[in-house]
Amino acid sequence: MKRAIKPTVTAGVFLIFTMLPAVSLQNNSAPKPPPLTVIGESEVIARSALAVDLLTGEILFQKNIYESLPLASLSKIISSLVIVEHLNLDEYVEVTKKAVETEEPSTLRVGEHLKIEDLLAMAMGESSNDAMMALVEHTGDEKWFLELMRQKAPSMVFKNPTGLDIKPTQTEFGSNYGSATALAQLIKNNLDSPIWQFGEKNEVISKEGIAHKIKHTNILRKELSGIYGAKTGFTDSAGGNLVLIVERPIGKPKAIIILGSTLEERFEEARKIVTLLK
């Protein structure tokens, strides 16, 4: 049954926001650190890249970190945060025909029922647009949902909950967009959210007994140690995007954010930047 979202306040998010130092979202708010010699900007083809210590705010690598760029499916981080904060994760959602018809479909079938937590696992793990739209439909009001996304990340722009390109493209960025610093701030404010663990599921099963294998889009998930959370994104306008939260050492989370790379190179660039973590 569909139902409207009711605004709530998440104490854990407020606690992290007040305890951790802020990553600046302003170009001129602080002097930039001296350039790193281990990896130069020229070695990263992404239009923007950032590695930052989420506890201290220390920037470990930066390239065009204030530039607003298409988010693609990194948008689902914000969508998932909205869902988690306003709906019961054990609640079942009916998959509609409209959701299944969303561009780049997954294995979902019309009429089956899955728990919200499992649909989020599909959205975070394999970037399922079907799963995300089934969740958004469940809230009953996409416009209201988009407004909640804007409230959650006010320095970003959202035109849909998935990050898919809008066709025909009316602007330079045909969909949602934001900067690496805005994403870093969002991640830091929501480190305690369960969404980062949802991407670890390998299979979900509907109430009807239909099993859905999750085809993970993050190829680094079993290669790099210490990954706490991750999200990929790719569209024609965005290119290859990637968010990694890596605990190196344990208890010292760092965020790596790559925007505007290529489908494959985003992972190679993440491998390079990981070598800077200490």
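Remember, it's a predicted structure, so these values are computed and weren't measured experimentally.

What to know about the packing of helix α2 (residues 75–86) against helix α5 (residues 129–139)
Stage number 1. Here α2 crosses α5 at 40°, and the two axes come no closer than 11 Å. Relative to α5, the element α2 is oriented oblique. Along this stretch, α2 crosses α5, giving a crossing that reads as left-handed. Facing α2, whose interface residues are Lys 76, Ser 79, Ser 80 and Ile 83, α5 presents Asn 129, Met 132, Leu 135 and Thr 139.
Stage number 2. Its residues assigned to classes, the contact of α2 with α5 shows three nonpolar, four polar and one charged.

As for the environment of Asp 141
Stage number 1. Of note, Asp 141 is situated in the loop between α5 and α6 (142–152).
Stage number 2. At a separation of 3.1 Å, a polar atom in the side chain of Asp 141 contacts the main-chain amide nitrogen of Lys 143.

Focus on the pairing of strand β1 (residues 48–53)
Stage number 1. Within β1, six of the six residues are buried, which leaves the element mostly enclosed by the surrounding structure.
Stage number 2. Of the two faces of β1, both are covered, the one formed by Ser 48, Leu 50 and Val 52 as well as the one formed by Ala 49, Ala 51 and Asp 53.
Stage number 3. One ladder, built from six bridges, connects β1 with strand β11 (residues 253–261); its direction is antiparallel. Residue Ser 48 lies in a different strand from β11, and its bridge partner there is Leu 259.

Focus on the nonpolar core
Stage number 1. Counting residues in each nonpolar core, the largest one holds 58 residues, and the members touching the most others are Met 156, Ile 187 and Ile 257.
Stage number 2. Among the elements that make up this core, the one with the highest residue count is helix α4 (residues 116–125) (seven residues).
Stage number 3. Look past the residues within four positions of Ile 187 in its chain and what remains in contact with it is Leu 54, Trp 196, Val 243, Ile 245, Ala 255 and Ile 257.
Stage number 4. Core analysis: the second largest hydrophobic core is formed by 20 residues, Ala 49, Leu 60, Ala 230 and Ile 273 among them.

Considering the environment of His 86
Stage number 1. Residue placement: His 86 occurs in helix α2.
Stage number 2. His 86 sits 53 residues away from Thr 139 along the chain, and the two C-alpha atoms are 9.2 Å apart.
Stage number 3. Within the structure, the side chain of His 86 is placed 2.8 Å from the backbone oxygen of Val 82, a separation counted as a polar contact.

So, the packing of α2 against α4
Stage number 1. Look at α2 against α4: their axes get within 10 Å of each other, and the N-to-C directions meet at 170°. Here α2 is positioned roughly antiparallel relative to α4, judged by the angle of their axes. Within the contact between the two elements, α2 uses Lys 76, Ile 77, Ser 80, Ile 83 and Val 84 and α4 uses Ile 116, Leu 120, Ala 123 and Met 124.
Stage number 2. Here the residues of the contact of α2 with α4 sort into seven nonpolar, one polar and one charged.

Conventions we followed
Residues numbered from 1 in each chain as written. Predicted model: local features only at pLDDT ≥ 70, side-chain atom pairs only at ≥ 80, totals over all residues. Heavy atoms only, no water. Axes fitted to C-alpha atoms, helices over the stretch in contact; angles between N-to-C directions. Helix = DSSP H or I, 4+ residues; strand = E, 2+ residues; numbered from the N terminus. Parallel < 35°, antiparallel > 145°, perpendicular 65-115°, else oblique. Left-handed = near helix turned anticlockwise from the far one by under 90°. Contact = heavy atoms within 4.5 Å. Nonpolar A, V, L, I, M, F, W, Y, C, P; charged D, E, K, R; others polar. Polar contact = N/O pair within 3.5 Å; in protein donor to acceptor, adjacent residues only side chain to side chain. Buried < 20%, exposed > 50% of the residue type's maximum accessible area, 1.4 Å probe, protein only. Pairing = 2+ DSSP bridges. Core = buried A, V, L, I, M, F, W, Y, C linked by side-chain atoms within 4.5 Å.

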